[in-house]
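# Descriptive structure summary
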Amino acid sequence: DGGITQSPKYLFRKEGQNVTLSCEQNLNHDAMYWYRQDPGQGLRLIYYSQIVNDFQKGDIAEGYSVSREKKESFPLTVTSAQKNPTAFYLCASSIDGSGTLYNEQFFGPGTRLTVL
Amino acid sequence: KQEVTQIPAALSVPEGENLVLNCSFTDSAIYNLQWFRQDPGKGLTSLLLIQSSQREQTSGRLNASLDKSSGRSTLYIAASQPGDSATYLCAVWNFQGAQKLVFGQGTRLTINP
């Protein structure tokens, strides 16, 4: 089955630690995205990548980093510089990132990160 | 700056009713509008995507309409069922500016048996 997988489902982080969230897709999509969801604030874009080896900051990139070395993978690292990382993190992908085509965005199941 | 609003924030109706969820956006220069469903603790499931040149899209008991000139979209759910209980989000892809979806905050729908 084609789709987007995220791991782990739950992640616990101690203060001062970096953690990496995994996102993999087998949809052959060029564009991938990371969102953060907090209660009462909706979805906010962290980073996005329209093609391998290229990515752009979204609205709330501070304290996060990404890489896009392979088309199917877009891992997100939450660094110790992120002051309030407890949230639900969602990865998504689309055929491309331009919005000019029939460009439906598909989401993974999410990772819930909790800072201890 | 594009802003997307969904009113009401929560809605509760008895099973079997037909219902309408609303989505409004401030900038009509959009490529498309997408409706999603989110169950508690889960990711988003895409329900319908309407391109800017389209007026509506249908999938089963769901029908979404788009009126770009007034900045509005509606999601019509026919013959609601308890399994339709979820949060429904709409999002628009801007024609100008940053290439991204802009989301509303969602409507939490409860269907009572």
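Residues numbered from 1 in each chain as written. Chains lettered and ligands numbered in written order. Predicted model: local features only at pLDDT ≥ 70, side-chain atom pairs only at ≥ 80, totals over all residues. Heavy atoms only, no water.

## Digging into a nonpolar patch on the surface
Residues and elements named next belong to chain A. A contiguous nonpolar patch, built from Tyr10, Phe12 and Leu116 and spanning about 380 Å² of accessible area, is present on the exposed surface. Checked against the element boundaries, Leu116 lands in the segment after β11 (111-115). Its relative accessible area of 60% is what places Leu116 among the exposed residues. (Patch = residues over 30% accessible without salt bridge, like charges linked within 9 Å, V, L, I, M, F, W, Y side chains within 5 Å. Areas by Shrake-Rupley, 256 points an atom, 1.4 Å probe, with all protein chains shown as cover. Salt bridge = Lys/Arg side-chain N within 4 Å of Asp/Glu carboxyl O. Helix = DSSP H or I, 4+ residues; strand = E, 2+ residues; numbered from the N terminus. Buried < 20%, exposed > 50% of the residue type's maximum accessible area, 1.4 Å probe, protein only.)

## Some remarks on the interface of chain A and chain B
With 29 residues of chain A in contact, the opposing surface of chain B contributes 19 residues. With both sides pooled, the region where chain A packs onto chain B buries about 1800 Å², and carbon together with sulfur makes up 53% of that total. In this assembly, chain A and chain B are joined by 1 salt bridge. As a salt-bridge pair, Asp59 of chain A and Lys100 of chain B come within 2.6 Å of each other at their nearest N and O atoms. Secondary-structure elements contributing two or more residues to the side of chain A that touches chain B are β4 (31-38), β5 (42-51) and β9 (87-94) of chain A. When grouped by side-chain class, the residues that make up the side of chain A that touches chain B number 11 nonpolar, 13 polar and 5 charged. (Contact = heavy atoms within 4.5 Å. Buried area = accessible area lost by both parts, 1.4 Å probe. Nonpolar A, V, L, I, M, F, W, Y, C, P; charged D, E, K, R; others polar.)

## Thoughts on the environment of Leu45 of chain A
Note on placement: Leu45 of chain A falls in strand β5. When the C-alpha atoms of Leu45 of chain A and Leu90 of chain A are compared, they prove to be 9.5 Å apart, with 45 residues separating the residues in sequence. Setting aside chain neighbours within four positions, we find Leu45 of chain A in contact with Tyr33, Trp34, Tyr35, Gly58, Asp59 and Ile60 of chain A together with Lys100 of chain B.

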